[in-house]
Protein chains: 2
Amino acid sequence: MAKVTPRTLSGFMELLPRQQLQFERMKDTLRDTYASYGFTPLDTPVIESAEVLLAKGGGETEKQIYRFTKGESDLALRFDLTVPLAKYVAAHYAELSFPFRRFQIGKVYRGERAQRGRFREFYQADIDVIGDGKLDITNEAEIPAIIYDTFTRLGVRRFQIRVNNRKLLNGFYAMNGMSEKAGEIMRTVDKLDKIGAEKVRQLLIDEVKMLPCKAENVMDFMAIRGTNAEVLASLERYRGMDATFDEGLEELNAVVKYLAAFGVSEENFAVDLTIARGLDYYTGTVYETIMLDHPEIGSVCSGGRYDNLAEYYTDRQLPGVGISIGLTRFFYVLSEQGLLAEESVGASCDALVLPMTEDLSAAIAAAAALRREGLRVQLYTEKKKFKAKMNYADKIGVPYVVFLGEDEIAEGVLSVKDMRSGEQRKLSVSETAALIRADMSARASAALIRE
Amino acid sequence: MAKVTPRTLSGFMELLPRQQLQFERMKDTLRDTYASYGFTPLDTPVIESAEVLLAKGGGETEKQIYRFTKGESDLALRFDLTVPLAKYVAAHYAELSFPFRRFQIGKVYRGERAQRGRFREFYQADIDVIGDGKLDITNEAEIPAIIYDTFTRLGVRRFQIRVNNRKLLNGFYAMNGMSEKAGEIMRTVDKLDKIGAEKVRQLLIDEVKMLPCKAENVMDFMAIRGTNAEVLASLERYRGMDATFDEGLEELNAVVKYLAAFGVSEENFAVDLTIARGLDYYTGTVYETIMLDHPEIGSVCSGGRYDNLAEYYTDRQLPGVGISIGLTRFFYVLSEQGLLAEESVGASCDALVLPMTEDLSAAIAAAAALRREGLRVQLYTEKKKFKAKMNYADKIGVPYVVFLGEDEIAEGVLSVKDMRSGEQRKLSVSETAALIRADMSARASAALIRE
């Protein structure tokens, strides 16, 4: 028979079993963390009507979208989880309770040009809190706590959540009469890290065509540094000059005020006036998250406050705040840089049962008993030489092998071999379960990401 | 602004939050059960090259496939999880260990004609064990144990796993010189439940054009009933007439032999000689699962043994055995028939914290402390009247509301209201956590499906 070469499309991540287990663990950590804050899981279709999905129209993403017809229908694959959320909330408004808190971890599709580390199918892991008309500032204050818990649970300690407020920026530009140039200024300021303050100042004068004194004002503002308390204190000097600025300052103060109560460590959080996060969508607090030892990765968790989730679908005012993690890319980068802790990830099972007798009843019953004790147990019954069986155990990385021969059956015990130490002991089913469970919980608490 | 009507395509399931929680619980139960047997999670792309996905070509499904081009690429959405598995195993053969045991729970796409209860996007939950050249019969014997555990954990007791063996059927038709008509005969016999034995016999004579004595032989064979032991004993009378039949009988004996050791209750298992499951693919043991009080649903979990998983991609012989649950349709039917136990499903959080003071620090710290105790806790800080807050708690179905006012803060306690009993008590953080955890574990052990 003529064969077709089995291949996976470029830009589509397909993991080997051990990597997949790591990826699953990362997804589970996010799921558990999001759920611990009372977010409810949502699962919207991958395919939507193109008219609905592209209601906002235009934009950079449109040409990347997977769009096609099936029968009479003009269809498209979702390219993010925000538009489907907007559709969902608008369509089910009457059946939802607000604030509506949802998380969604799912695949999205963008036909980007294929290149290393760029994915056409990738997971996003989003949370959003949607208000009906209003949404209290405390929701914006809670987001850093969720980011903090997420990365801490993943095993990262050297990260920083950077927070700013769009009202503060917009107010600042307004009080300086630069509102019209705000977009251009923000894009230029965004280069601070790359080209340095002096070159940014020169660009503001030469290309944005600002008066030197105004460029100086911008540079002074962006140069505000220090502890959170110091930054907030420095901002007080601008108070009273613009209502939007004052509102932004109040909000920023509220966000910072409750950090300690939320359990967020000061060293993982910084007010950073250079963060802007795009131009149109966000209207209040904005967030970025940097891995301090790997700034080249860029922000691994970003988002902010917006005023109008679903304006293309409904007249209702639906303000919200949300963050997103590009999980596939994050995992890819961690993996490439060797930052995934191999030892934290178990095999596909906790114990491999190897029967040593012709009749398998005792081995099958032992495996069933261990499963009832909460273990993941694989029974190996292929007719192979002993060495081949142990090779298999090695290859799948199972931590324990359980042998069951005539002697063990007669004694009512199991021979349990620790595959790392090589040590082998005779134990009862419940002793075996206790031994392996202790090992499992040590693995479960080991950090997934090593620094 | 002109609005686009927010709508979800027909044939695409989109659940409200409480239903989604039930669906997630069902998925989790499957995931945990599959993992407990040492199956490893897999996640393959939704989009594949059309050439790869349709390597087998033809077939009924081809016209239902979502196929489209993007740039130069001819693409298609996966329509099952078996073809992607075949591709995966063939592509990654050298990096896998055999037997390779994987589970995958994922969405697949078929452009079926839209009708109630038919889905174009639906979850399948599959497990397969793939051997390299050979695969021991014990793997076929283990499958009923996995089905048994799965449905038992979902809360179903009145179900029956029906098992047959294709070699037994093929051998029987061969010994009667009816091999050529085997397909037609099986399709006719398949109507037994619907039209009864007499009409089936007549159809075999009139339409399949069988001699009456041969039709009688078929009817006698299909009429074999009784306990598993009785059915196996009845089959002994055919032994020695056809090698394939004898092989099938050995296999069936092996599958039945270990049922008790695997912990499968006899009343949930039946050898059923009328089960055939399609014509070409399966070559050994075949499985169906019926909900005894709802036979109209049809088989909710089916599969079987096959000899050649990936013949379109590789010359390697890759025999396997697997089962699949059509999760979306199963969930839909359970929901329609009111078989999902409402009481088993929690809200999106275990406790809602309502601060009663201007300063939120204490409430935020209490919520954080409860989360550290493993609870899912939502903080409610919208500026609403007390009644509106309690309405919200009611609507999201949260079992406990935690109040924190000046008094509680002064006393170092929480006021905890049980929303079902209405009872309110002052408790410490750890007492609160213990109370709610006990309630959570009662919910977690409650059956999802009620009969």
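This one's a predicted model, so the numbers in the text were calculated from it and none came from an experiment.

Student: Go over the overall build of chain A with me, naming the residues and quoting the values.
Tutor: Looking only at helices and strands, chain A features 17 helices and 16 strands. Expressed as a percentage of its 451 residues, the buried residues of chain A come to 44%.

Student: Residue-level account of the domain arrangement of chain A, with values.
Tutor: Under the domain assignment used here, chain A contains domain 1 (17-158 + 293-336) and domain 2 (347-445). The straight-line distance from the C-alpha centre of domain 1 of chain A to that of domain 2 of chain A is 41 Å.

Student: Tell me about the environment of A:Gly263, and name the residues and values.
Tutor: With respect to the secondary-structure elements, A:Gly263 resides in the loop between helix 12 (259-262) and strand 8 (269-271). Residue classification places A:Gly263 among the partly exposed positions, given that 17 C-beta atoms sit within 10 Å. Expressed as a C-alpha distance, the spacing of A:Gly263 and A:Ala145, which sit 118 residues apart in the sequence, is 6.9 Å. Setting aside its immediate chain neighbours within four residues, A:Gly263 contacts A:Ala145 and B:Ala368.

Student: Describe the sheet that holds strand 6 (residues 121-130) of chain B, listing the residues and the values that go with them.
Tutor: By definition, the strands of a sheet pair up through backbone hydrogen bonds, in either a parallel or an antiparallel sense. All names here are of chain B. Pairing is mixed across the open sheet formed by eight strands, whose spatial order is 1-5-6-11-10-9-7-8. In the strand order of this sheet, the two ends are held by strand 1 (40-41) and strand 8 (269-271), each with one partner. In this sheet, strand 11 (residues 320-326) lies alongside strand 6 in antiparallel orientation, the contact comprising seven bridges. Residue pairing in the sheet places Gln 124 in a bridge with Gly 326 of strand 11. The sheet contacts of helix 4 (residues 138-154) involve strand 6, strand 7 (159-165), strand 8, strand 9 (282-291), strand 10 (302-306) and strand 11, and relative to strand 9 the element is tilted by about 15 degrees.

Student: If you had to explain the sheet that holds strand 15 (residues 414-418) of chain A to someone new, which residues and values would you point to?
Tutor: Residue and element names in this part refer to chain A. Ordered by their spatial adjacency, five strands build an open sheet running 13-12-14-15-16, and the pairing between neighbours is mixed. Only two strands of the sheet have a single partner each, and these edge strands are strand 13 (377-379) and strand 16 (424-427). On average, each strand axis in the sheet is tilted by 25 degrees relative to the strand beside it, whichever way the strands run.

Student: I'd like to hear about the interface of chain B and chain A, residue by residue, with values.
Tutor: On the chain A side, the residues contacting the 77 residues of chain B number 77 residues. Tallying contributions element by element places helix 1 (residues 17-36) of chain B first for the side of chain B that touches chain A, with six residues. Here the side of chain B that touches chain A is composed, by residue class, of 39 nonpolar, 17 polar and 21 charged.

Student: Describe the packing of helix 14 (residues 361-372) of chain A against helix 17 (residues 429-445) of chain A, with residues and values.
Tutor: Residue and element names in this part refer to chain A. Where helix 14 meets helix 17, the closest approach of the two axes is 10 Å, and the angle between their N-to-C directions is 50 degrees. Taken together, the axes of helix 14 and helix 17 lie oblique to each other. Of the two elements, helix 14 crosses helix 17, and the hand of that crossing is right-handed. Seen from helix 14, the contacting residues are Ala 366, Ala 369 and Leu 370; seen from helix 17, they are Val 429, Thr 432 and Ala 433. When grouped by side-chain class, the residues that make up the contact of helix 14 with helix 17 number five nonpolar, one polar and no charged.

Student: Outline the nonpolar core, listing residues and values.
Tutor: General note: in soluble globular proteins, nonpolar side chains tend to be found buried as a group. In terms of nonpolar packing, the biggest core is built from 260 residues, with A:Ala351, A:Val353, A:Val402, B:Ala351, B:Val353 and B:Val402 touching the most fellow members. Aside from chain neighbours lying at most four places away, what touches A:Val353 is A:Ala363, A:Ala366, A:Ala367, A:Val377, A:Leu379, A:Tyr380, A:Val402 and A:Leu404.

Student: Any details on unusual backbone geometry? Residues and values, ideally.
Tutor: Residue and element names in this part refer to chain A. Here the bond from Phe 98 into Pro 99 is cis, since omega is 0 degrees, no more than 30 degrees from zero. Note on placement: Pro 99 falls in the loop between helix 3 (82-91) and strand 5 (100-109). Residue Lys 209 is not a glycine yet carries a positive backbone phi of 60 degrees. Inspection of the secondary structure puts Lys 209 in the loop between helix 8 (197-206) and helix 9 (212-222). For Lys 209, a count of 10 C-beta atoms within 10 Å translates into the label exposed.

Student: Please set out the relation of the copies chain B and chain A residue by residue, giving values where relevant.
Tutor: Relative to chain A, chain B is turned by 180 degrees and slid 0.0 Å along the rotation axis, the superposed coordinates differing by an RMSD of 0.1 Å. Both chain copies can therefore be described as sitting about a two-fold axis. Among all C-alpha atoms of chain B, that of B:Phe68 lies closest to the rotation axis, at 3.1 Å. Same-surface contact between copies: 100% of interface residues of chain B are shared with the interface of chain A.

Student: For the confidence of the model for chain A, give the residues involved together with the corresponding values.
Tutor: The predicted model of chain A averages 93 in pLDDT, with 98% of residues at 70 or higher. Per the prediction output, this complex has pTM 0.96; the corresponding ipTM is 0.95.

Student: Provide a residue-level description of the environment of B:Pro45, including the pertinent values.
Tutor: Among the structural elements, B:Pro45 can be located in the loop between strand 1 and strand 2 (47-49). On the basis of neighbour counts, which here come to 22 C-beta atoms within 10 Å, the residue B:Pro45 falls in the buried class. Linking B:Pro45 and B:Leu77, residues 32 residues apart in sequence, is a C-alpha distance of 8.7 Å. With near-sequence residues (within four places) excluded, B:Pro45 lies in contact with A:Thr8, A:Leu9, A:Phe12, A:Glu14 and A:Glu121.

How each quantity is defined
- Residues numbered from 1 in each chain as written.
- Chains lettered and ligands numbered in written order.
- Predicted model: local features only at pLDDT ≥ 70, side-chain atom pairs only at ≥ 80, totals over all residues.
- Helix = DSSP H or I, 4+ residues; strand = E, 2+ residues; numbered from the N terminus.
- Buried ≥ 20, exposed ≤ 12 C-beta atoms within 10 Å, placed from the backbone.
- Domains from an automatic or database assignment.
- Contact = placed C-beta atoms within 7 Å.
- Pairing = 2+ DSSP bridges.
- Axes fitted to C-alpha atoms, helices over the stretch in contact; angles between N-to-C directions.
- Nonpolar A, V, L, I, M, F, W, Y, C, P; charged D, E, K, R; others polar.
- Parallel < 35°, antiparallel > 145°, perpendicular 65-115°, else oblique.
- Left-handed = near helix turned anticlockwise from the far one by under 90°.
- Core = buried A, V, L, I, M, F, W, Y, C linked by C-beta atoms within 7 Å.
- Least-squares fit on C-alpha atoms with pLDDT ≥ 70 in both.
- pLDDT = per-residue confidence, 0-100.

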